[in-house]
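Structural description and commentary
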Amino acid sequence: MDGPASTKSASRRSFLKGALTGGAAIAASTALVGRAGAQSDPLVTDIQDWNRYLGEGVDARPYGTPSQFEEHVVRRNVAWLTSDPISSVNFTPLHELEGIITPNGLCFERHHAGIAEIAPADHRLMINGLVDQPLIFTMDDLKRFPRENKVYFLECAANSGMEWRGAQLNGCQYTHGMVHCVMYTGVSLRTILEEAGVKANGSWLLAEGADASAMTRSIPMEKALDDCMVAFAMNGEALRPEQGYPLRLVVPGWEGNMWVKWLRRLEVGDQPWHHREETSKYTDLLSNGKARRFTWVMEVKSVITNPSPQAPIKHGRGHTVLSGLAWSGNGTIKRVDVTTDGGRNWHQARIDGPSLPMALHRFYYEFDWDGSELFLQSRAIDDKGFVQPTKDELRTARGPNSIYHNNGIQTWHVDSDGVIENVEIS
Ligand code: MTE
Ligand code: CO
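Residues numbered from 1 in each chain as written. Chains lettered and ligands numbered in written order. Predicted model: local features only at pLDDT ≥ 70, side-chain atom pairs only at ≥ 80, totals over all residues. Heavy atoms only, no water.

1. Quick word on the environment of Leu206
Inspection of the secondary structure puts Leu206 in strand S7 (residues 204-209). You can call Leu206 buried: its relative accessible area is 4%. Separated by 79 residues in the primary sequence, Leu206 and Ile127 have C-alpha atoms spaced 9.7 Å apart. (Helix = DSSP H or I, 4+ residues; strand = E, 2+ residues; numbered from the N terminus. Buried < 20%, exposed > 50% of the residue type's maximum accessible area, 1.4 Å probe, protein only.)

See the structure below:
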């Protein structure tokens, strides 16, 4: 890096300290990261095309899309992970995002039988089983109930699953990108269930999707009556087809496979149903061959999204912004600590933006990089006091055969060129 901003890191460090304690005014002459000599920059002094020619009118982009210069910001899949893209997954580009809300077009997708395309006028939601009165709702019917707006993360139980045995995939998009966080609009599940009248022995709910996988999941009635929703909108617009248009179940803080998309039926029963998926795939296999079942809550977790393997440090030494995401299915995030030296020294990160229960939280840690190798880690603590474990702690508790529910601490190695790799240290 050139310009005076990159020299004298010691004085800049003291400036930073002053700025953070409110003393910014005294250091007005030394820019933090700006450059001197801008008057010789043709991008400043010359007239550019965008300045010279008229742009497109208001009729050119009836549904807006991101700038052409953001073309690389897309969901990506890993071809070798699954045998075909119909029953597969793609990943949210976490390293390209800011704040806590995932844009609709970038929410990771996980389908067992592809995307069902359903006209809302043809969609029905049925409630049957142990209810006083079985009911069928159209989408118009559902929109006549009182609505609520809630921000929640959705994390697939398989997120970080490839990382159980060791560092595998080079980028937080792949290691942690089976999570998204949007504002849902819909009707509380309790309202719908009360309309049908759950019988006294109705202790379980079966949720069924209308896609070709006819996916079903059992949900305990306690959770169903607590905070679940049937949602028809995300981030202010109708659900995307990928996310279950026109209707999906929202099961806050619990693993993604219970959030049934294209929701068409709710059956009340007095015991859990047997599901192929739940008993074979969404079960944590322990080293003694026993299975850990009914582990629904997504436990406290965090990841540094920048810098990270897909977002190396390109500006050289000096002022560096570290940013990341933390979340917990148990509530809010109370604190995130970060280390740049593999855990020898921990620093409390700054959480910025809303702190909502069972939603993503954004954290930052600003530091002065001296150009030496770093081992970056983050460790989140939720408001119930749960602390994110190390991967070794997880393996000791659950053995090496698990795939699901990996909330272990992630390590990124930064070399002196700013190139970053997924590693494990112990
Ligand atoms: N619902 C139906 N009907 N079919 C599916 O394949 N996949 C589940 C769940 N709901 C699935 C479904 C899984 S495993 C996950 S992780 C989430 O949807 C993913 O939600 P998303 O595609 O909106 O990210
Ligand atoms: Co899933």
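2. Digging into the pattern of salt bridges
Enumeration over the complete set of coordinates arrives at 20 salt bridges. A salt bridge links Asp49 to Arg52; the nearest nitrogen and oxygen atoms lie 3.8 Å apart. On the criterion of helical spacing, the pair formed by Asp49 and Arg52 is a turn pair, its members being 3 residues apart in helix H3 (residues 49-52). Here Arg190 makes a salt bridge to Glu194, at a shortest N to O gap of 3.0 Å. Here Arg190 and its partner Glu194 are both found in helix H6 (residues 189-196), 4 residues apart, which amounts to about one turn of the helix. For Arg190, a relative accessible area of 38% puts it in the partly exposed group. Overlapping salt bridges, with partners in common, bring together Glu208, Arg264, Arg265 and Glu267 in one network. (Salt bridge = Lys/Arg side-chain N within 4 Å of Asp/Glu carboxyl O.)

3. Remarks on H6
For H6, every residue scored as buried is listed here: Leu189, Ile192, Leu193 and Ala196. For H6, the angular spread of the buried residues around the axis is 95°, confining them to a single face. Looking at the residues trailing H6, positive phi occurs at Gly197, about 80°. (Arc of directions from axis to C-beta.)

4. Notes on the sheet that holds strand S4 (residues 135-138)
Pairing within the open sheet is mixed, and its 5 strands lie in the order S4-S3-S12-S7-S8. Each end of this open sheet is capped by a strand with a single partner; those strands are S4 and strand S8 (216-220). Averaged over all pairs of adjacent strands, the angle between their axes in this sheet comes to 20°, without regard to strand direction. Relative to strand S12 (residues 263-269), S7 runs antiparallel, the two being bridged by 6 bridges. (Pairing = 2+ DSSP bridges. Axes fitted to C-alpha atoms, helices over the stretch in contact; angles between N-to-C directions.)

5. Side note on the nonpolar core
Tyr184, Leu189, Leu205 and Leu263 are the most contacted members of the largest nonpolar core, which has 89 residues in total. A total of 6 residues in this core trace back to one element, the largest contributor, which is strand S9 (residues 229-234). Domain assignment of the residues forming this core places at least three in each of domain 2 (82-293) and domain 3 (301-423). Setting aside residues up to four positions removed in sequence, Leu263 forms contacts with His123, Arg124, Leu125, Ala207, Glu208, Gly209, Val230, Leu247, Arg248 and Leu249. (Core = buried A, V, L, I, M, F, W, Y, C linked by side-chain atoms within 4.5 Å. Domains from an automatic or database assignment. Contact = heavy atoms within 4.5 Å.)

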